[in-house]
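# Summary of the model geometry
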Amino acid sequence: MQILRDEPLQPYNTLSLQARAAVLVRVGSDEELLAAFSLAAERDLPVVPLGEGSNVVLARDLDALVLRQDTRGIEILEEDGDKVRLRVAAGENWHALVQWTLHRGLYGLENLALIPGTVGAAPIQNIGAYGIELKSHLLQVQALAIADGQSLVLSNAGCEFGYRDSVFKRGLRDKLVITAVDLQLSRVPELRIDYPALALAFAQTAIATPTPQDVFNTVVSIRRSKLPDPAVEPNAGSFFKNPVVPAELAQTLLVKFPGLSAYPQPDGRVKLAAAWMIEHCGWKGYREDDIGVHPQHALVIVNYGNDNGEQLLSLASKVAATVADTFGVQLVIEPRVYG
Ligand code: FAD
Ligand code: EPU
């Protein structure tokens, strides 16, 4: 277990914001994680688990024990016909897991290629992309309660997954640390290529019957063409969630703004493209000192060299205010804001 005091967190978040952790503890096992909980209790510090920091805004110093799990391991638990159950340690990198499964002929995660971050953080917002969400493949989550170190198992239903949402953002927020995730994959490809950008990409190629590897490659190439690499232009991916609104409001907005991208949801509501609304309000490519809205994707706020999160959050508020004025829709920030 590595214990670092007053540690700068700039290398630990993809927005590259400067914030310090009162204590940063790197743990390599569940036993070390329990020891870290005891240390936090002794010092009366809250515990803040951090994965790869790709969905956080560290807008202040954290008077907390910040945890980094360096646990590793991907284990096949069971094979039942075509179905394969895996247990994956929280510290594994998500994209590396997607590659690992694909190389072993275990299918289902192709559409979720290249999403940054750890496996342990994936259930927090039920990561999703290109027509798939984690919830379609998650069996259960293993966790340890911060208060008393109790071991917990949450079923898929118990995770209460929604769009960029789960019980870990609500009732169980800050109460536990996820230590492993159990997934169910298939030895038979079950391709999902109906997401518009993916369908269009395949329509433009000569590939008549795509394989899971083709889906993986296409998702990777679409993502690379759209989203800035945080290592070059620090960002946290989509800064706002796409708002999901009642069908009547969507109808009214579509009459007024016929170009607005809108996706009907199974519950009758309609998801609107926040990127389109932000671009319509003129923010795309806007830059204010060292903070800006990305010129290729209006939903991505980029930190071009600012150390603290204040200016970034102030720009986000201005963007949300103009969208609210123009469309009557309130945008909600997607990453977890500390500050
Ligand atoms: P962190 O940012 O470190 O943590 C996020 C939150 O989860 C924090 O509140 C943290 O306390 C909590 N947390 C982390 N680990 C644990 C744990 N083990 N136990 C309990 N709580 C924990 N997301 C998508 O869904 N789809 C996308 O397509 C997508 N694209 C992205 C593209 C870019 C360029 C970037 C930068 C981000 C993107 N994201 C996307 C967001 C991000 O990749 C995901 O939210 C990812 O799951 C975050 O993982 P992380 O390890 O970096 O978590
Ligand atoms: N669009 C614009 N202007 C832009 C960018 C996009 O008008 O600058 C339009 C596009 O033309 C399209 C629509 O907005 O009609 C949606 O764009 P895109 O396909 O890029 O998806 P998104 O809604 O911006 C969501 C997720 C991404 C995920 C992609 C692919 C959210 C908040 N974001 O983005 O997730 O990778 O779909 O599934 O749901 C993340 O969560 O960090 C993230 C990157």
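Given the structure is predicted, the values throughout are model-derived calculations rather than measurements. (Residues numbered from 1 in each chain as written. Chains lettered and ligands numbered in written order. Predicted model: local features only at pLDDT ≥ 70, side-chain atom pairs only at ≥ 80, totals over all residues. Heavy atoms only, no water.)

## Remarks on the overall build of the protein
Per the secondary structure count, the protein includes seven helices and 20 strands. Its C-alpha radius of gyration of 20 Å places the protein within 12% of the 20 Å reference for a compact globule of 339 residues. When the backbone C-alpha atoms are referred to their principal axes, the protein occupies close to 60 × 55 × 35 Å. Evaluated residue by residue, the protein yields a buried proportion of 49% over its 339 residues. Across the protein, every contact between residues at least 6 apart in sequence was considered, and the portion connecting residues at least 24 apart equals 61%. Counting only carbon and sulfur atoms, one obtains 50% of the accessible surface of the protein, whose full area is about 15,200 Å². Averaging the positions of the 30 positive and the 39 negative side-chain charges in the protein gives two centres separated by 3 Å. (Helix = DSSP H or I, 4+ residues; strand = E, 2+ residues; numbered from the N terminus. Rg over C-alpha atoms; globule rule 2.2 N^0.38 Å. Buried < 20%, exposed > 50% of the residue type's maximum accessible area, 1.4 Å probe, protein only. Contact = heavy atoms within 4.5 Å. Areas by Shrake-Rupley, 256 points an atom, 1.4 Å probe, with all protein chains shown as cover. Lys, Arg positive; Asp, Glu negative; His and termini not counted. Charge placed at Lys NZ, Arg CZ, Asp CG, Glu CD.)

## Here we look at the packing of aromatic side chains
Inspection of the entire model under this criterion finds six aromatic pairs. Both rings, one in Tyr130 and one in Tyr195, keep their centres 5.0 Å apart while their planes meet at 70°; by these two values the pair is edge-to-face. Of this pair, Tyr130 sits in the loop between strand E8 (128-129) and strand E9 (132-133) while Tyr195 sits in the loop between strand E12 (176-186) and helix H3 (196-203), and the two are 65 residues apart along the sequence. Judged by relative accessible area, which is 10%, Tyr130 ranks as buried. Look at Phe257 and Phe327: their rings are 4.5 Å apart centre to centre, the planes differ by 45°, and that puts the pair in the tilted class. You can see Phe257 sitting in the loop between helix H5 (247-256) and strand E15 (262-264) and its partner Phe327 sitting in helix H7 (residues 310-327), a full 70 residues away along the chain. Relative accessible area serves as the criterion here: at 9%, Phe257 is assigned to the buried category. (Phe/Tyr/Trp six-rings, centres within 6.5 Å; stacked < 30°, edge-to-face > 60°.)

## Considering the site of ligand 1
Surveying the vicinity of ligand 1 reveals 34 residues, the closest of which are Pro49, Gly51, Ser54, Asn55 and Thr118. A distance of 2.9 Å is found between an oxygen atom of ligand 1 and a backbone nitrogen or oxygen belonging to Glu52. Within the contact set of ligand 1, a nitrogen atom lies 3.4 Å away from a side-chain nitrogen or oxygen of Arg164. When isolated, ligand 1 has an accessible area of 990 Å², and the protein chains bury 94% of it. Secondary structure elements with two or more residues in the shell around ligand 1: strand E3 (47-50), E8, E12, strand E13 (235-238) and strand E20 (336-338). (Near = heavy atom within 4 Å. Polar contact = N/O pair within 3.5 Å; in protein donor to acceptor, adjacent residues only side chain to side chain.)

## Some remarks on the pattern of salt bridges
Within the structure shown, the criterion is met by 18 salt bridges. Among the salt bridges present, the one from Glu78 reaches Arg85, with a minimum N-O distance of 4.0 Å. For Arg85, a relative accessible area of 34% gives the class partly exposed. Here Arg192 ties to Asp194 by a salt bridge, and the two come within 3.3 Å at their closest N and O atoms. We classify Arg192 as partly exposed; its relative accessible area is 34%. Its relative accessible area of 52% is what places Asp194 among the exposed residues. One network of salt bridges, with partners in common, ties together Arg26, Arg68 and Asp70. (Salt bridge = Lys/Arg side-chain N within 4 Å of Asp/Glu carboxyl O.)

## Concerning the pairing of strand E10 (residues 138-145)
Along any regular strand the residues' side chains alternate between the sheet's two faces. The buried fraction of E10 amounts to six of the eight residues, a majority that puts the element mostly inside the structure. As paired elements, E10 and strand E11 (residues 151-155) share five bridges and run antiparallel to each other. Paired with Gln142 across the strands is Val153, a residue of E11. The hairpin formed by E10 and E11 contains five residues between the paired strands, and Gly149 there has a positive phi angle of roughly 75°. (Pairing = 2+ DSSP bridges.)

## Re the environment of Ala157
Inspection of the secondary structure assignment puts Ala157 in the loop between E11 and E12. Using a relative accessible area of 64% as the deciding quantity, one classes Ala157 as exposed. Between the alpha carbons of Ala157 and Lys135 there is a distance of 9.2 Å; along the sequence they are 22 residues apart.

## Re the site of ligand 2
Close to ligand 2 lie 24 residues, the nearest being Tyr130, Tyr163, Ser261, Glu279 and Glu334. Side-chain polar atom of Tyr163 to an oxygen atom of ligand 2: 2.7 Å apart, as the coordinates give it. Within the contact set of ligand 2, an oxygen atom lies 3.2 Å away from a side-chain nitrogen or oxygen of Lys226. Against a free-state accessible area of 820 Å², the protein chains account for coverage of 83% of ligand 2. Looking at the shell around ligand 2, the elements with two or more residues in it are helix H4 (212-226), E13 and helix H6 (274-280). In terms of residue count, H6 provides more of the shell around ligand 2 than any other element does, three residues in total. Split into classes, the residues belonging to the shell around ligand 2 amount to eleven nonpolar, six polar and seven charged. Split by domain, the residues of the shell around ligand 2 number at least three in each of domain 2 (74-186) and domain 3 (235-338). (Nonpolar A, V, L, I, M, F, W, Y, C, P; charged D, E, K, R; others polar. Domains from an automatic or database assignment.)

## Some points on the domain arrangement of the protein
As far as domains go, the protein holds domain 1 (2-69), domain 2 (74-186) and domain 3 (235-338). Centre-to-centre separation of domain 2 and domain 3, based on C-alpha positions: 27 Å. Listed by partner, the interface residues are six residues for domain 2 and six residues for domain 3. The largest contributions to the domain 2 side of the interface with domain 3 come from Tyr163, Arg164 and Arg173, which together make up 68% of the buried area. Taken together, the connections running from domain 2 to domain 3 amount to two salt bridges. Along the lines of polarity and charge, the residues of the side of domain 2 that touches domain 3 split into one nonpolar, one polar and four charged. (Buried area = accessible area lost by both parts, 1.4 Å probe.)

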